[in-house]
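An overview of the molecular structure
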Amino acid sequence: MFQGFSQQAVDFLWGIRFNNERSWFLEHKQEYLTYVAEPLRQLGEEVQQVMEEKSPELGLNLHVSRIYRDARRLHGRGPYKDHLWFTLRRPKERWVSLPAFYFEIAPEYYSFGMGCYDPTPVTMAKLRARIDRDPKPLEKLARKLEGSGFALEGEQYKRPKGDPGPLLYPWYNRKSISLTRDENCEGLLFQPELVQQVAQGFCFLKPYYEYLMDLAGDA
């Protein structure tokens, strides 16, 4: 049962950030397993259970990140990640082109939300076409987002694709979309109630998830 992360988890993540090498990791591997990997999986499993009870039709699978970076993509960085995450998503091979819920823990913050992190250009063209055709559903969602604690993020086009008005302009002109809430490493991070905070956030974001997921069926 998830009991909250501990200060040891935060300390380990700071440690691997400044000592990103195999010898240090091997010396502290048990700390990683005990204080980071196991609580992260427990949190993911309990949040998944809540989402399954509330929204079984979504069919979300749990995927927990590994600490090892892809050796083909180090680009001068160390072999280990200094932030770990889990996602709840549909079991699709090309998952990054579809929306997913996520939780992430890093040395200086924890974060959770939902996003479509590597959508195809066709997907974003469908989003713009839907806004042009019927902006009201997304206008309602955009207004609801204000004051929710979640922020709209994602890379923007250098050359705007159009201007549907100030409310939807930030949605219309992005290459990717995420709705993110960042918190300091304090408070609920160290308590069992983190499960409730994350699950409630995911439930709030469900209409946004469904809106983005439905884009696949648009012409």
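Our structure is the block above this text.
Please read all numbers here as calculations on a predicted model, not as lab measurements.

**Quick notes on the pattern of salt bridges**
Pairing between side chains of opposite charge can happen when their charged atoms approach one another. In the structure shown here, the tally under the stated rule is eight salt bridges. Of the charged contacts, one joins Arg-17 and Asp-82 as a salt bridge, the two residues approaching to 2.8 Å between their closest N and O atoms. Here Arg-17 is found in helix 1 (residues 7-18), whereas its partner Asp-82 is found in the loop between strand 1 (61-64) and strand 2 (84-89), with 65 residues between them in sequence. The partner of Arg-17 in a salt bridge is Glu-108, with the nearest N and O atoms 3.2 Å apart. In this pair, Arg-17 sits in helix 1 while Glu-108 sits in the loop between strand 3 (100-105) and strand 4 (110-116), placing the two residues 91 residues apart along the sequence. Its relative accessible area of 28% is what places Arg-17 among the partly exposed residues. If you follow the salt bridges from partner to partner, you end up with Arg-17, Asp-82 and Glu-108 in one network.

**Section: empty space enclosed by the protein**
Evaluation of the coordinates by the stated rule reveals one cavity of 30 Å³ or more. Put simply, the largest cavity is a space of about 30 Å³. Residue lining of the largest cavity: Gln-48, Met-51, Glu-52, Ser-55, Leu-58, Gly-59 and Leu-60, and that is the complete set. Of the residues assigned to the lining of the largest cavity, the class counts are three nonpolar, three polar and one charged.

**Notes on the packing of helix 5 (residues 136-145) against helix 7 (residues 194-213)**
Here helix 5 crosses helix 7 at 150°, and the two axes come no closer than 11 Å. What the angle tells us is that helix 5 and helix 7 run roughly antiparallel. Relative to helix 7, helix 5 is oriented so that their crossing is left-handed. Between helix 5 and helix 7, the contacting residues are Pro-137, Leu-138, Leu-141, Lys-144 and Leu-145 on the first element and Phe-204, Pro-207, Tyr-208 and Tyr-211 on the second. Of the residues assigned to the contact of helix 5 with helix 7, the class counts are eight nonpolar, no polar and one charged.

**Remarks on the pairing of strand 3**
The element strand 3 is largely enclosed, with a buried count of six among its six residues. Where burial is concerned, the two faces of strand 3 agree: the one with Ala-100, Tyr-102 and Glu-104 and the one with Phe-101, Phe-103 and Ile-105 are both buried. The pairing of strand 3 with strand 4 spans six bridges and is classified as antiparallel. Counted as the bridge partner of Phe-101 is Met-114 from strand 4. Two successive antiparallel strands, strand 3 and strand 4, enclose a turn made up of four residues.

**Quick notes on the environment of Arg-17**
In sequence terms Arg-17 and Phe-150 are 133 residues apart; their C-alpha atoms lie 27 Å from each other. Discounting residues that sit within four places of it in the chain, Arg-17 has contacts with Asp-82, Pro-107 and Glu-108.

**Brief notes about the side chain of Lys-206**
Position of Lys-206 relative to the elements: it lies in helix 7. For Lys-206, the side chain forms a polar contact with the side chain of Glu-57, separated by 2.7 Å.

**Examining the sheet that holds strand 5 (residues 151-153)**
Sheet architecture is open: six strands sit in the order 1-2-3-4-6-5, paired in antiparallel fashion. Both edges of this open sheet fall to strand 1 and strand 5, since each of them pairs with a single strand only. The average undirected angle you get between the axes of adjacent strands in this sheet is 25°. In the sheet, strand 1 pairs with strand 2 via four bridges, with the strands oriented antiparallel. Looking across to strand 2, one finds that Leu-62 is bridged to Leu-88.

Rules behind the numbers
Residues numbered from 1 in each chain as written. Predicted model: local features only at pLDDT ≥ 70, side-chain atom pairs only at ≥ 80, totals over all residues. Heavy atoms only, no water. Salt bridge = Lys/Arg side-chain N within 4 Å of Asp/Glu carboxyl O. Helix = DSSP H or I, 4+ residues; strand = E, 2+ residues; numbered from the N terminus. Buried < 20%, exposed > 50% of the residue type's maximum accessible area, 1.4 Å probe, protein only. 1 Å grid on protein atoms, 1.4 Å probe; cavity = no way out; pocket = protein on both sides within 12 Å on 5 of 7 lines; lining within 4 Å. Points joined across faces, edges and corners; volume = space filled by probe spheres on them. Nonpolar A, V, L, I, M, F, W, Y, C, P; charged D, E, K, R; others polar. Axes fitted to C-alpha atoms, helices over the stretch in contact; angles between N-to-C directions. Parallel < 35°, antiparallel > 145°, perpendicular 65-115°, else oblique. Left-handed = near helix turned anticlockwise from the far one by under 90°. Contact = heavy atoms within 4.5 Å. Pairing = 2+ DSSP bridges. Polar contact = N/O pair within 3.5 Å; in protein donor to acceptor, adjacent residues only side chain to side chain.

Just distances and angles here, no functional claims.
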